[in-house]
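What the coordinates show
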Amino acid sequence: FGYEYLLFARPDLHQILLSRVPPERIHLGKKVMSIAQGKEGVMIRCSDGTTYHGDILVGADGAYSGVRQGLYKLMQVNGTLPKSDTQSLNKGFMCLVGTTEELDPAKYEILKDTAVTLNQVIGTGTQYTWSAVNVPGNRICWNVVAQFTTPAQAEEERLRNSEWGPGANEAMIKEIRDFLVPIGGSSTIGDLIDATPKDTISRVFLEDKIFESWHQGRTVLIGDACHKLLPSAGQGAVNAMQDSVILANCIYDMQSTTIEDVSEALQDFKDQRYPHVFEQYNASQMNAKLLYGQTIVERVIRHIILNYMPMSVQNKSAMKDLAYRPQISFLPQVPKKGTSPVHPQKPSRRYQEEQAKKAGVASTIAA
């Protein structure tokens, strides 16, 4: 692909992104309570009574998006919301995840290596799988995933765990802390948990769903707000970033901020993104079966793929996924360095117009 992979803890990514955004542009503690939109603009009202106005509202606020809830309420009133969009997200797994503080390489041999090593352990006779991976700063990212056997079990777990704070994690921690991890010595998940600040340990459902309605009027959803993927394929945050790129291109190409031009741009955004998101949604479900699946069928599938699927087929699948590399159309393009194919990107309308003008000038000069 021509570019190296770099792996680091997600909090580091948060800091990188925050460092590039002027602090005055970020308002913390804002909860969207309602939205209103029309031909002239869109407005959101927050729980603290403040309101914000604009030409386009982008809901990038996660799987339980307040913007989506507000938009769908408006669509229900208008009778334009599909029934499938009123249904809950699919809940197949629950995950406990964290990143340790700096550790002693003498105790954890994995930290002596400058390359990344992912250790995935699939439990036998248990619903759990767990993993650990070394990241910069002599730290280890770890997670433990539990598979729900039925939708009823998932719903029972959801009702039983209405509180998700540090105290509510203790029952699960007690059950998993003796799980061995092959990262040096007789290390256990419990060792990694003890080395992780308690307030940074998260326990969440691993949910997935592709919503049909991504936009209406002046409001558009991106990322988990409109397509929640399982983390098994590592494509959740990637697809959110790709949404941002394509949406920026579509907004850049708008002729005006009229409701007609905004609606056209937002539909163009979905048309470009939906097919790829759908592919990644299916890929994440298959990867979840390979990484976390505990049923007999899933174990058979995993055994066949890991032992009999040729590496060439695996590489072909990886190249297909990474051939999709959309870029911001109005910035200098990142050069192609590798040998693998890259999908052509829809050219910017403005770019095409500029090229047409240049071609017209060239023809006049030639004449």
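Conventions and cut-offs
- Residues numbered from 1 in each chain as written.
- Predicted model: local features only at pLDDT ≥ 70, side-chain atom pairs only at ≥ 80, totals over all residues.
- Heavy atoms only, no water.
- Pairing = 2+ DSSP bridges.
- Helix = DSSP H or I, 4+ residues; strand = E, 2+ residues; numbered from the N terminus.
- Contact = heavy atoms within 4.5 Å.
- Axes fitted to C-alpha atoms, helices over the stretch in contact; angles between N-to-C directions.
- Core = buried A, V, L, I, M, F, W, Y, C linked by side-chain atoms within 4.5 Å.
- Buried < 20%, exposed > 50% of the residue type's maximum accessible area, 1.4 Å probe, protein only.
- Salt bridge = Lys/Arg side-chain N within 4 Å of Asp/Glu carboxyl O.

**Thoughts on the sheet that holds strand β12 (residues 227-228)**
Here six strands make up an open sheet; going across it, the order is β6-β7-β8-β5-β9-β12 and the pairing antiparallel. Single-partner strands in this sheet number two, and they are β6 (118-122) and β12. Inspection of the sheet shows strand β9 (residues 202-210) paired to β12 by two bridges, in the antiparallel sense. From the neighbouring strand, Lys209 faces β12, where its bridge partner is Lys228. Against the sheet, helix α7 (residues 259-292) makes contact with β5 (90-99), β6, β7 (128-135), β8 (139-147), β9 and β12, and its axis sits at roughly 135° relative to β9, the strand it touches most.

**Overview of the nonpolar core**
By size, the foremost hydrophobic cluster in this structure holds 32 residues, and its most contacted members are Leu57, Leu71, Tyr72, Trp214, Leu221, Leu247 and Phe269. Breaking this core down by element, the ones donating at least two residues are β2 (42-46), α2 (66-78), β11 (219-221), α6 (236-252) and α7. Considering each element in turn, this core owes the most residues, six residues, to α7. Filtering out sequence-adjacent residues up to four positions away, Trp214 remains in contact with Thr219, Val220, Leu221, Cys226, His227, Phe269, Lys270, Arg273, Tyr274 and Val277. Counting residues in hydrophobic clusters, the runner-up holds 28 residues, among them Leu96, Trp130, Met172 and Ile189.

**Points about the pattern of salt bridges**
Going through the model one piece at a time under the given rule, you end up with seven salt bridges. Among the salt bridges present, the one from Arg139 reaches Asp12, with a minimum N-O distance of 2.8 Å. Of this pair, Arg139 sits in strand β8 while Asp12 sits in helix α1 (residues 10-19); the two residues are 127 residues apart in sequence, bridging distant segments of the chain. By relative accessible area, Asp12 is classed as partly exposed at 26%. For the salt bridge of Asp243 with Arg273, the shortest nitrogen-to-oxygen distance reads 2.5 Å. With a gap of 30 residues between them, Asp243 in helix α6 and Arg273 in helix α7 connect regions that are remote in the sequence. Since its relative accessible area comes to 0%, Arg273 is described here as buried.

Read these as spatial facts, not as claims about activity.
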